[in-house]
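Understanding the architecture of this molecule
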Amino acid sequence: MNRRDLLGGLSLGAGGLLLGGCDRLNADPSVRKILVGAEALNLRSQRLLAGGLAREYRRDQMSPVFRTNGNTRPESTAYLAHAATNFVDWRLIVDGLVAMPLKLSLGDLGTFPQRAQITRHDCVEGWSAIGKWQGPMLSDILKAAGLSDRARYIVFHCADGDANRPFYESIDLYDAFHPQTIMALLMNDRRLPMGHGAPLRLRVERQLGYKHAKFVMRIEARARIDDLYDGKGGYWEDSAGYAWYAGI
Amino acid sequence: MAAQPDRSAMPEKAQQDAPEATVGPGPGDLVKRHHLSTRLWHWLNVVTLAVMMMSGLMIFNAHPRLYWGEYGANADPAWFEIGSTETTGFVQAGSLRIETTGVLGRWTDQDGVLRRRAFPYWITIPSRYSLADARLWHFAFAWVLGLSLAAFMTASLLNRHFKRHLTISLDEVRPSHLWADIKDHARLRFPIEAAALRYNILQKLAYAAVLFGLLPLIIFTGLAMSPAMDAGWPWLLDIFGGRQSARSLHFIAMVALVAFFLVHIAMVVLAGPINEVRSMISGYYRLPGKRPESRSGEVAP
């Protein structure tokens with residue numbers, strides 16, 4: 001063994017130790033608790049600093065191609081039957097902690113004041129695309145249903161998912177009542193395509209793409225979300241460990 | 001020691017710059033070199049920047065393409081990409097394409113499984129693909145990076161570290177002075193005696209660039225990638241030219257910090273690693289004189 005082999009072996013060994021150490025720390029519950037604790041700081045600090053509206057862009061700043069991501073075709077037969085008939089018989093359910101549960105058709109949703117916004121969609125993976133979204137503000141729908149004082153979270157139940165759990169997402173009232181938080185019926189001036197979540201998709205600008213639930217079937221107002229599915233407030237939060245608050 | 005640089009020939013310039021040697025420490029003396037705040041921050045950075053880089057490379061692996069402007073996704077032209085073909089891994093920057101099979105783009109993991117991801121397992125946190133876990137590490141240590149930089153800057157203003165050690169005079173940036181310092185570095189002629197207690201102009205420029213350039217740049221480009229921060233501070237998007245530009249600049253700043261680290265380590269090794277590392281631990285530095293060279297007998301002026 002010459003000196004180069006020895007040095008190479010030593011550095012590989014040190015690298016291995018370091019790597020093993022990092023992975024062990026990553027798996028350690030108390031370390032993860034600290035890391036997740038820092039996540040809570042993100043929510044608090046951003047709520048202090050990041051009020052206001054997400055930037056809205058000009059038409060000429062839009063992405064020429066807006067890629068799809070995640071599920072692009074729910075497998076549910078009920079959903080596919082609605083898709084085959086252009087969602088004429090489909091109804092959005094609004095229930096939970098509300099005074100008056102609602103069942104809204106696409107036509108009903110069109111009677112609410114519509115908000116159109118050209119915004120940037122930032123995927124947790126790192127890419128961004130700019131598109132135009134239009135639909136009723138979530139706040140108007142919640143007001144129409146008479147949101148209870150006990151409600152703290154708005155949960156979106158979706159038509160997609162996997163064998164283990166249906167897709168769902170949740171936001172708190174701070175984001176639910178933000179003027180740019182809309183239930184989009186149109187994307188780039190056309191009916192929402194299936195790949196982008198037809199017939200209805202949540203837009204919660206100021207958060208990353210995975211919060212923008214597609215194929216929304218039911219909006220439920222709840223006092224808590226830790227008793228729902230695996231308790232982390234969303235499909236990606238439960239299944240992959242993504243942060244519930246996705247402002248960064 | 002054969003690897004010792006030639007310190008015997010003291011550059012004339014350094015002699016002129018040295019303070020009057022009437023009183024003060026001489027060669028061989030242990031002298032106070034680094035403030036406690038500097039030393040604490042330095043070693044904290046070793047950990048923080050390593051975690052930030054390694055978890056950041058994992059985050060990059062989720063979408064190993066970089067763009068300029070506000071938007072950028074798979075259908076848009078990328079100026080930088082780490083990718084793979086059926087048989088090779090490659091790095092592409094503009095029209096330049098370099099094959100990196102086995103290291104970047106296409107490599108074999110610790111279990112012998114072929115992976116087609118950008119950065120390999122031995123340089124990412126965690127070593128197995130997990131964007132969620134990498135983000136957990138990255139954003140927790142981002143707080144450490146930002147808060148410790150603010151604390152170090154405050155301490156360095158109060159204890160006059162910046163003013164005493166990093167102030168750059170007009171005289172120092174004269175081309176002739178810069179050139180003399182570049183030549184000294186190239187010949188590995190490091191300052192000796194009292195001159196070794198002060199940063200030379202290349203050191204000042206490098207440290208100032210990291211402190212007031214690269215670290216703020218990497219922090220603010222990081223913030224500019226946050227959709228919530230962009231709503232609160234839309235000027236972030238304006239100064240960096242859009243979110244995808246900020247992401248590109250964030251990556252470039254990381255590469256520049258790695259380059260600084262490599263040069264920094266090389267200089268510590270060349271200038272005498274034991275003395276240099278001791279001074280960053282205990283704060284005390286042994287003033288270099290002419291003795292090591294005259295003992296080595298390599299150069300006898």
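Values in this document were obtained by computation on a predicted structure and should not be read as measured data. (Residues numbered from 1 in each chain as written. Chains lettered and ligands numbered in written order. Predicted model: local features only at pLDDT ≥ 70, side-chain atom pairs only at ≥ 80, totals over all residues.)

1. Quick word on the overall build of chain B
What counts here: Elements are defined by DSSP. Helices are runs of H or I of four residues or more, strands are runs of E of two residues or more, and each kind is numbered from the N terminus. Once C-beta atoms are placed from the backbone, each residue is buried if 20 or more other C-beta atoms lie within 10 Å of its own, exposed if 12 or fewer, and partly exposed for counts between those two. Each residue is represented by a C-beta atom placed from its backbone, and any two residues with such atoms within 7 Å are regarded as in contact.
What chain B contains, in helices and strands, is eleven helices and eight strands. Looking at chain B residue by residue over its 301 residues, the buried ones come to 33%. For chain B, contacts bridging at least 24 residues in sequence account for 64% of all contacts bridging at least 6.

2. Quick notes on the overall build of chain A
Helix and strand counts for chain A come out as seven helices and eleven strands. When its C-alpha atoms are laid out on the principal axes, chain A stretches across 80 × 45 × 40 Å. Nonlocal contacts in chain A, meaning residues at least 24 apart in sequence, comprise 69% of its contacts between residues at least 6 apart.

3. A look at the sheet that holds strand β4 (residues 89–93) of chain B
Residues and elements named next belong to chain B. Which entries qualify depends on this criterion: Strand pairing requires that DSSP identify at least two bridges connecting the strands.
Sheet architecture is open: four strands sit in the order β2-β3-β4-β5, paired in antiparallel fashion. Looking at the sheet topology across the chains shown, the edges are occupied by β2 (65–66) and β5 (96–99). In terms of strand pairing, β2 meets strand β3 (residues 80–84) through two bridges, oriented antiparallel. For R65, the partnering residue across the bridge sits in β3 and is E81.

4. What to know about the packing of helix α9 (residues 243–271) of chain B against helix α10 (residues 273–281) of chain B
All names here are of chain B. To keep it simple, the criterion reads: An axis is simply a line fitted to the C-alpha atoms; with a helix, the fit covers only the stretch in contact. Between two such axes, the angle follows the N-to-C directions and lies from 0 to 180 degrees. Here the nonpolar group is Ala, Val, Leu, Ile, Met, Phe, Trp, Tyr, Cys and Pro; Asp, Glu, Lys and Arg are the charged ones; every other residue, Gly included, is treated as polar.
Closest axis-to-axis distance for the α9/α10 pair is 6 Å, and the angle between their directions is 115°. Contact residues: V268, V269 and A271 in α9; P273, E276 and V277 in α10. Among the residues forming the contact of α9 with α10, the class breakdown is five nonpolar, no polar and one charged.

5. Some remarks on the interface of chain B and chain A
Facing the 33 residues of chain B at the interface are 42 residues of chain A. Residue assignment for the side of chain B that touches chain A shows that the elements contributing at least two residues are α2 (36–62), α3 (131–158), α7 (227–232) and α9 of chain B. In terms of residue count, the dominant contributor to the side of chain B that touches chain A is α3(B) (eight residues). Here the residues of the side of chain B that touches chain A sort into 21 nonpolar, seven polar and five charged.

6. A short note on the packing of helix α6 (residues 201–224) of chain B against α9(B)
All names here are of chain B. We count it as follows: Left-handed describes a crossing in which the near helix is turned anticlockwise from the far one by less than a right angle; the clockwise case is right-handed.
Axis separation between α6 and α9 bottoms out at 8 Å; the angle between their running directions is 145°. Once α6 is placed against α9, the crossing between them reads as left-handed. Facing α6, whose interface residues are A206, V210, L214, L217, I218, T221, G222 and A224, α9 presents R243, A246, L249, H250, A253, M254, A256, L257 and F260.

7. Here's the deal with the sheet that holds strand β4 (residues 128–136) of chain A
Residues and elements named next belong to chain A. Spatially, the four strands line up as an open sheet ordered β3-β4-β8-β9, and their pairing is antiparallel. Edge positions in the sheet fall to β3 (114–122) and β9 (190–191), since each of these pairs with one other strand and no more. Strand direction decides the pairing type here: β4 and strand β8 (residues 186–187), joined by two bridges, are antiparallel. Note on β8: the bridge partner recorded for Q134 is L186.

8. Here we look at the domain arrangement of chain A
Definition in use: Start and end positions for the domains come from either an automated domain assignment or a database one.
The domain boundaries assigned to chain A delineate domain 1 (3–37) and domain 2 (55–240). One C-alpha centre belongs to domain 1 of chain A, the other to domain 2 of chain A, and the line joining them spans 41 Å.

9. Quick notes on the confidence of the model for chain B
Residues and elements named next belong to chain B. Using the following cut-off: Each residue gets a pLDDT score, which is the predictor's confidence in that residue and runs from 0 to 100.
In the predicted model, chain B carries a mean pLDDT of 89, and 88% of its residues have values of at least 70. Contacts of residues 1–21 to residues separated by more than four positions or lying in other chains number 41 contacts, the stretch itself having pLDDT below 50. In the model, residues 291–301 has pLDDT below 50 throughout and makes 16 contacts with residues more than four positions away in sequence or in other chains. Overall fold confidence (pTM) sits at 0.90, and the ipTM for the predicted complex is 0.91.

10. Notes on α9(B)
Residue and element names in this part refer to chain B. Spelled out, the test is: Under the convention used throughout, the expected extent of a helix is 1.5 Å for every residue step, that is, one less than its residue count.
The end-to-end C-alpha distance of α9, which contains 29 residues, comes to 41 Å, matching closely the 42 Å that a straight helix rising 1.5 Å per residue would cover. What α9 keeps buried is the set R243, Q244, S245, A246, R247, S248, L249, H250, A253 and L257. Taken from the residues just after α9, G272 is the one with a positive phi, measuring 110°.

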